[in-house]
Every structure is written in C-alpha cells, then in structure tokens.
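Read off the chains here:
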Amino acid sequence: MSTVVGFGERLAAAVDAHGPLCAGIDPHPPLLAEWGLTDDAEGLARFADACVEAFAGHVAVVKPQSAFFERHGWRGVQVLERVLAGFAGTGTLTLLDVKRGDIGSTMDGYADAYLAVGAPLGADAVTLSPYLGFSSLAPALDAAADAGRGVFVLARTSNPEGAEVQLATFGERTVGQVMVDGAAARNAAAPGGVGVVVGATAEHGLDLSALDGPVLAPGLGAQGAGPADVAARFAGVRGTVLPAASRSVLRAGPDPAAVRAAAEHLRDELAVARA
C-alpha cells in the first residue's frame, strides 16, 4: 500500500537541495515582447519551454501565474498543463498561483481542478483566497491533504490595497492574523501542508510563531524587497520562507542559461543575507 508523501516533507527536500528561492513564471505581454516573442499561444509556449529548461532541477519552487496563461484561452491552459508536467519529477516543485476561493460545491469544483488526486491542473501547491471565511476553504484543504499537495493562503499580501481588508480587526485580531491562525490550526494535525502568503515589501505585523508551515514571501526584486529585507522581516519564522521573484529573474531571458544564472545569483544573495 502506497503512502502519500506530504507537501511539507517534499518542500523541505527541495529547499535543502536548491535553496529557498521561488521563481515566478509570469509571461505578461511586455515580457514576451522583451524576449522577442509574439503575444499568442505560440509565443507563450516558447516562453514556457525556456522557463522549464532554465529552472527544472535548479530551483526549489516555481510559481506559474495562471492568469497569464488563461488570457490565451484553452490554448494557454494547454501550455500551463505542459509546464506543470515539465517540472514533474525534476526535484523542482510547482506552486500554481490561482488565488481561488469560494463556498460549497464551487469550492469542491476548484479542489477537483487543482488539488484532488488526478487533478487536470494539479500542481504541487496552489494559492488560495480565504476572504469568504477560512472555513470555506475546507474542501480544498482536505483534497490537498489527501493528494499530498500544499496550499498557501493569502494573509498579508504585498499590494497596498490589501491593508483595508487584511488589517481590519475581527475581535482582537486582524483579519490577516485570523488567516494565519486558521492555517496553524490545520497544521497542528498535519504539519507543513498549509502555508500563508505574506509580502516581503513591508513589515507584516503578524505572529507566525505557531504556523508550523511555510511562508510564501512575494515582492523580492522588482517589487522593491531585497534579500536583507526578507531576512529581517521573517527572522523569527521557524518554518520555510520562500522569497518569490519573477521580473528580476525573467528579464535576463530569453536565454535559459542566463535566466538560470540570474535565479542562482539571487539564491546566493539570499543565503548571504540569512547568514
């Protein structure tokens, strides 16, 4: 009888092998143009293939942004499936940035699409939006646990507009802290499967000490956070912190070797800052 290896264990192995950098795969139109590619499914596919060649087996985690694939319709989603398959078995985990969140049977549908065993768009982990209430995510969390996948729940995002919701109070806690505490409660039963998204671009003000799961920290590079900022803002976190960078790495393209070198340079800078 096979045993499902949990996401937390697989993530720890990937970070041990390659460092904590999460490399974004964001084929937005200006970047396709910088790479000399057409803004259509063919250009998207060439971009995606270069990213697989650059990152597979060289970084711990990649984060494809689903929106930039979806904007090309079914052909773009087909390329996204190819990207996810291209990283499978390489030692580089996929974190699909979809930010899904809903209630009842609709959440069941999202869980079937992204997280269930055999999901057609199954990645190693996905991002989820909990702002219909943390408990509304239960179908996704359960499906992820059954399949050995992970989730990252939005808690304190790097965009300024997020503050009006995430810093609002519910009882004596901010809404962002409620989401962190919800993730911690799930991890109490199975550590490491539920992470949170906390931006690296500003002080977050969250208590992450009981999380017992990973933190995705977007904002490294082009959004303004440097390796030293990441080290300072997450110094007390016991779990894995995944600083995420996209444009600052991808602008080194279109040569896959140059993109890989940019990612490895940033990974090394993060290691120096942590030390």
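Since we're looking at a predicted model, the values are computed, not measured.

Engineer: Please provide a residue-by-residue account of the UniProt feature "domain: Orotidine 5'-phosphate decarboxylase" (unreviewed entry) in the protein, values included.
Structural biologist: UniProt's entry tags residues 20-262 with the feature "domain: Orotidine 5'-phosphate decarboxylase" (unreviewed entry), counted in the numbering of this structure. Along residues 20-262 one finds 41% helix and 19% strand; the C-alpha atoms at either end are 14 Å apart.

Engineer: How would you explain helix 3 (residues 41-55) if you had to name every residue and give the values?
Structural biologist: One turn of an α-helix holds 3.6 residues; hence residues three or four places apart share an orientation. For helix 3, built from 15 residues, the straight-helix expectation of 21 Å at 1.5 Å per residue is met to within 8% by its first-to-last C-alpha distance of 21 Å. The complete set of buried residues in helix 3 reads Gly 43, Leu 44, Ala 45, Phe 47, Ala 48, Ala 50, Cys 51, Val 52, Ala 54 and Phe 55. The N-cap residue of helix 3 is Asp 40: its side-chain oxygen and the backbone nitrogen of Glu 42 are 3.2 Å apart. Backbone geometry just after helix 3 places Gly 57 at a positive phi near 80°.

Engineer: How would you explain the pattern of salt bridges if you had to name every residue and give the values?
Structural biologist: A pair can form between side chains of opposite charge whenever their charged atoms are brought close. Evaluation of the coordinates by the stated rule reveals 10 salt bridges. Across the pair Asp 181 and Arg 173 runs a salt bridge, and its minimum N-O distance is 2.8 Å. Through salt bridges with shared partners, a single network forms among Lys 63, Asp 97 and Lys 99.

Engineer: Which residues make up the packing of helix 3 against helix 12 (residues 256-274), and what values go with them?
Structural biologist: Packing of helix 3 against helix 12 brings their axes to within 8 Å, and their N-to-C directions diverge by 50°. Taken together, the axis directions place helix 3 and helix 12 in an arrangement best described as oblique. Here helix 3 and helix 12 pass one another in a crossing that is right-handed. For the pair helix 3 and helix 12, contact is made by Ala 50, Glu 53, Ala 54 and Phe 55 and by Pro 256, Val 259, Arg 260 and Ala 263, respectively. Residues belonging to the contact of helix 3 with helix 12 are distributed by class as follows: 6 nonpolar, no polar and 2 charged.

Engineer: Give me the lowdown on the side chain of Arg 156, citing residues and values where you can.
Structural biologist: Its place among the elements puts Arg 156 in strand 5 (residues 150-156). Within the buried core, Arg 156 has no salt-bridge partner, and the shortest N-O distance to an opposite charge, that of Glu 161, equals 9.0 Å. With near-sequence residues (within four places) excluded, Arg 156 lies in contact with Gly 162, Ala 163, Gln 166, Leu 167, Val 197, Val 198, Gly 199, His 204 and Leu 206.

Engineer: Explain the pairing of strand 4 (residues 125-128) to me, and be specific about the residues and the numbers.
Structural biologist: Here strand 4 shows two buried faces, one formed by Ala 125 and Thr 127 and the other by Val 126 and Leu 128. Handedness of the crossover joining strand 3 (residues 93-100) and strand 4 through helix 6 (residues 104-114) is recorded here as right-handed. Note that the unit made of strand 4, helix 7 (residues 138-147) and strand 5 has a crossover that is right-handed.

Engineer: Which residues make up the packing of aromatic side chains, and what values go with them?
Structural biologist: Overall, the coordinates contain 2 aromatic pairs when judged by the stated rule. Both rings, one in Phe 7 and one in Phe 152, keep their centres 6.0 Å apart while their planes meet at 90°; by these two values the pair is edge-to-face. Separated by 145 residues along the polypeptide, Phe 7 in helix 1 (residues 7-18) and Phe 152 in strand 5 bring together distant segments of the chain. Here Phe 7 matches Phe 152 in class, with each residue buried. Taken together, a centroid distance of 4.4 Å and an interplanar angle of 40° make the contact between Trp 35 and Phe 47 tilted. With Trp 35 in the loop between helix 2 (29-34) and helix 3 and Phe 47 in helix 3, the pair connects residues that are 12 residues apart, well separated along the chain. The pair Trp 35 / Phe 47 is uniform in exposure class, with both members buried.

Engineer: Please set out the sheet that holds strand 2 (residues 61-64) residue by residue, giving values where relevant.
Structural biologist: Strand order in the closed barrel made by the 8 strands is 1-2-3-4-5-8-9-10, with parallel pairing throughout. Put simply, the sheet's adjacent strands are angled 30° from each other on average, direction ignored. On top of the sheet, helix 9 (residues 175-189) reaches strand 5 and strand 8 (194-198); it is set at about 160° to strand 8, its chief contact.

Engineer: Can you break down the nonpolar core residue by residue, with the values?
Structural biologist: Ranked by internal contacts, the top residues of the largest apolar core, which has 70 residues, are Phe 55 and Phe 234. When residues of this core are assigned to their parent elements, the largest contribution, 9 residues, is made by helix 3. Contacts of Phe 55, omitting those with residues within four sequence positions, involve Ala 23, Gly 24, Ile 25, Val 62, Phe 87, Thr 92, Val 249, Leu 250, Val 259 and Ala 263. With 16 residues, the next largest nonpolar core counts Val 61, Leu 216, Leu 242 and Ala 244 among its residues.

Engineer: Explain the state of the cysteines to me, and be specific about the residues and the numbers.
Structural biologist: As enumerated under the stated definition, the model contains 0 disulfides in all. Free cysteine Cys 22: the closest other cysteine sulfur is in Cys 51, separated by 12 Å. Look at Cys 51 and you get buried, because its relative accessible area is 1%.

The rules behind the values
- Residues numbered from 1 in each chain as written.
- Predicted model: local features only at pLDDT ≥ 70, side-chain atom pairs only at ≥ 80, totals over all residues.
- Heavy atoms only, no water.
- UniProt positions renumbered as here; feature names shortened; annotations may be inferred.
- Helix = DSSP H or I, 4+ residues; strand = E, 2+ residues; numbered from the N terminus.
- Expected span 1.5 Å × (residues − 1).
- Buried < 20%, exposed > 50% of the residue type's maximum accessible area, 1.4 Å probe, protein only.
- Polar contact = N/O pair within 3.5 Å; in protein donor to acceptor, adjacent residues only side chain to side chain.
- Salt bridge = Lys/Arg side-chain N within 4 Å of Asp/Glu carboxyl O.
- Axes fitted to C-alpha atoms, helices over the stretch in contact; angles between N-to-C directions.
- Parallel < 35°, antiparallel > 145°, perpendicular 65-115°, else oblique.
- Left-handed = near helix turned anticlockwise from the far one by under 90°.
- Contact = heavy atoms within 4.5 Å.
- Nonpolar A, V, L, I, M, F, W, Y, C, P; charged D, E, K, R; others polar.
- Lys, Arg positive; Asp, Glu negative; His and termini not counted.
- Right-handed = clockwise from strand over helix to strand, strands pointing away.
- Phe/Tyr/Trp six-rings, centres within 6.5 Å; stacked < 30°, edge-to-face > 60°.
- Pairing = 2+ DSSP bridges.
- Core = buried A, V, L, I, M, F, W, Y, C linked by side-chain atoms within 4.5 Å.
- Disulfide = S-S within 2.5 Å.

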